[in-house]
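Summary of the model geometry
Residues per chain are reported as follows:
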Amino acid sequence: MTPLSLFEINEYIRQVIALNFNEPVWIRAEINNVSFSRGHCYLELIEKKTTGDEIIAQSNAAIWYRNLKFIEHKTGPHLHQLLQKGMQVLLKAKIDYNERYGLKLSVEDIDTTYTVGQLEIKRREILAQLEVQGLLEKNKSRPLPVVLQRLAIISSDKAAGMQDFINHLQENAYDFAFRCELFTAAMQGKNVEREVIKACRDILKEKTPYDAIILIRGGGSKLDLSPFDSLNLCTELANMPYPVITGIGHDIDQSIADLVAHTSLKTPTAVANFLIDHNLAFESSLFERLRSFEAFARTIIQVKTRQIQSVKHTIRNLAIQSILSQHFRLKQHHQSLRDYPRQLIMHHQKDLNNLEQIIQLMDPIALLHRGYSITTKNGTLVKDQAAIQPGDLLETRLAKGSIQSIAQ
């Protein structure tokens, strides 16, 4: 067998490729690395096994300046969000093989809808995983403090909505005070996951607890939201011990970060309005309670006033009745004191009269006048016949005169 030179082999490979791939083809791949130089874009493309992270194919690709401008014009300013490590892409590429430089894919077009579709598939897988782990509702179960003042802000200091958020809070019409501490993190690009997770962990290191965590950024495309669909980032947010409020800035779509958050709002300004309205609701409830207390106090005062008036009236009537009663009793006592001596005298007079009559009735002289007589012997009343002996000298006294006799 005649040996072949390396050039001959590579030339043969070039001819085979040129014969079989004379037109550009659509290629599915994952971006493993990307770089830009002198207006050109250089990609490292890989394919992994369906399960696991084992790489089964790898190749380099380039988007030359002219094609890059064409793709940018078609996709808009968000091409760089698409050309990120880990993105699944569908590329239209011309396959070139050079005997010296090997296989090279020259990208002519990118189907962004494919990438968005792959992101949606991955998004659904992550959502299902979070639901199985019970993380979709975990942060929502955190109680929201009745007043939100101490806030941990995760955002970029250069984010479009950051200053609007701060200004809106500071210029609120109710003079509510908010204490905001910024924990900076990238809000787009490949560093979002790592820096947001770091910001969350830095928040946990703070000794003073926060009322809530605010995750905000400016507006953007659907692809701009893809970093906020990260499983690790969303797991971190769901497990935070504070309520997480998001204002990532997309009017139509929700990121998974929005879904695991306690409260999801569309824009940073909407988050600021939510915080102000939340505190206003608490203040209004205080005023409502104050009005209720005032009304209750007025009712109590009115009731007690009526009770006092009633008691006052009762006391007055009782006093008048008591005075009248005592006055009547005094009059009775006065009358009694005035009549009693007379009655006593009359009573005693009557007794004296009765005694006098009794005395008169008992007077021996009166008895004599009624026909009785008194017999004496030697000056002693004779009460018993046995006391008289024959021959005794007796004197019988009559009402008028006396008789002397000798007992037989």
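Below you will find a few notes about this structure. Values in this document were obtained by computation on a predicted structure and should not be read as measured data. (Residues numbered from 1 in each chain as written. Predicted model: local features only at pLDDT ≥ 70, side-chain atom pairs only at ≥ 80, totals over all residues. Heavy atoms only, no water.)

Some words on the sheet that holds strand E13 (residues 393-397)
The test is simple: The pairing criterion is simple: DSSP has to find at least two bridges between the two strands. We count a stretch as a helix when DSSP gives it H or I for four or more residues in a row; a strand needs E for two or more, and each element gets its number in order from the N terminus.
The four strands are arranged E12-E11-E13-E14 in an open sheet whose pairing can be described as antiparallel. A single partner strand is all that each edge strand has here, and the edge strands are strand E12 (380-381) and strand E14 (402-406). Alignment of strand E11 (residues 374-377) against E12, held across two bridges, turns out to be antiparallel. Looking across to E12, one finds that Lys377 is bridged to Thr380.

Looking at the pattern of salt bridges
The criterion, for reference: Should a side-chain nitrogen of Lys or Arg be within 4 Å of a carboxyl oxygen of Asp or Glu, the pair is scored as a salt bridge. Relative accessibility decides the category of a residue: with a 1.4 Å probe and only protein chains considered, values under 20% of the type maximum give buried, values over 50% give exposed, and everything between is partly exposed.
A complete count under the given rule lists 11 salt bridges for this structure. Between Arg123 and Asp229 there is a salt bridge, with the nearest N and O atoms lying 3.8 Å from each other. A residue pair is termed long-range when its members are at least 10 positions apart, and Arg123 in helix H4 (residues 112-132) and Asp229 in the loop between strand E8 (212-216) and helix H7 (231-238) qualify at 106 residues. With a shortest N-O distance of 3.0 Å, Asp392 and Lys377 are connected by a salt bridge. Remark: Lys377 occurs in strand E11 and Asp392 occurs in the loop between E12 and E13; sequence separation between them is 15 residues. Lys377 shares its class with Asp392; the two are buried. By sharing partners, the salt bridges in this structure join Lys198, Asp202 and Lys205 into a single network.

Comments concerning the nonpolar core
Going by this rule: Residues belong to one nonpolar core when they are buried, are Ala, Val, Leu, Ile, Met, Phe, Trp, Tyr or Cys, and are joined through side-chain atoms within 4.5 Å. The contact criterion used throughout is that any non-hydrogen atoms of two residues lie within 4.5 Å.
Leu130, Ile154, Val196, Ile203, Ile213, Leu237 and Val260 are the most contacted members of the largest nonpolar core, which totals 33 residues. Elements represented by at least two residues in this core include exactly H4, strand E6 (150-155), helix H6 (192-205), E8, H7 and helix H8 (256-260). With five residues, the top contributor of residues to this core is H6. Excluding residues within four positions of it along the chain, Leu130 makes contact with Leu135, Leu136, Leu231, Cys234, Thr235, Ile256 and Val260. If you look at the next biggest cluster of nonpolar residues, it comprises 22 residues, including Cys41, Leu43, Ala61 and Leu82.

So, the layout of surface pockets
If you roll a probe as big as a water molecule over the atoms, it shows you where there is empty space left. Inclusion rule: In the cavity and pocket records, a cavity denotes points on a 1 Å grid over the protein atoms alone where a 1.4 Å probe fits but cannot get out, a pocket denotes an open set with protein on both sides within 12 Å along at least 5 of 7 lines, and lining residues are residues with an atom within 4 Å of a point. Grid points are joined across faces, edges and corners, and a volume is the space filled by probe spheres set on the points. Gly counts as polar in this scheme, as do all residues outside two lists: the nonpolar Ala, Val, Leu, Ile, Met, Phe, Trp, Tyr, Cys and Pro, and the charged Asp, Glu, Lys and Arg.
Looking at the largest pocket, its volume works out to about 1500 Å³. For the largest pocket, the lining is made up of 44 residues, of which Gly86, Met87, Gln88, Leu119 and Lys122 are closest to its centre. For the lining of the largest pocket, the elements supplying multiple residues, two or more each, are strand E1 (25-37), strand E2 (40-48), H4, H6 and H7. For the lining of the largest pocket, the element with the highest residue contribution is H4, accounting for 10 residues. Class assignment of the residues belonging to the lining of the largest pocket gives a composition of 14 nonpolar, 14 polar and 16 charged. Within this model, the second largest pocket holds a volume of roughly 180 Å³. In terms of lining, the second largest pocket is formed by Ile27, Arg28, Ala29, Leu45, Ile46, Glu47, Ala57, Gln58, Ser59, Ile95, Leu103 and Leu105. Looking at the lining of the second largest pocket residue by residue, the classes come out as eight nonpolar, two polar and two charged.

As for the side chain of His262
Assignment of secondary structure puts His262 in the loop between H8 and strand E10 (263-265). Taking the relative accessible area as the measure of exposure, His262 reaches 18% and is therefore buried. Beyond its immediate sequence surroundings of up to four residues, His262 is in contact with Asn139, Lys140, Arg142, Leu144, Pro243 and Val244.

That is the geometry; function is a separate question.
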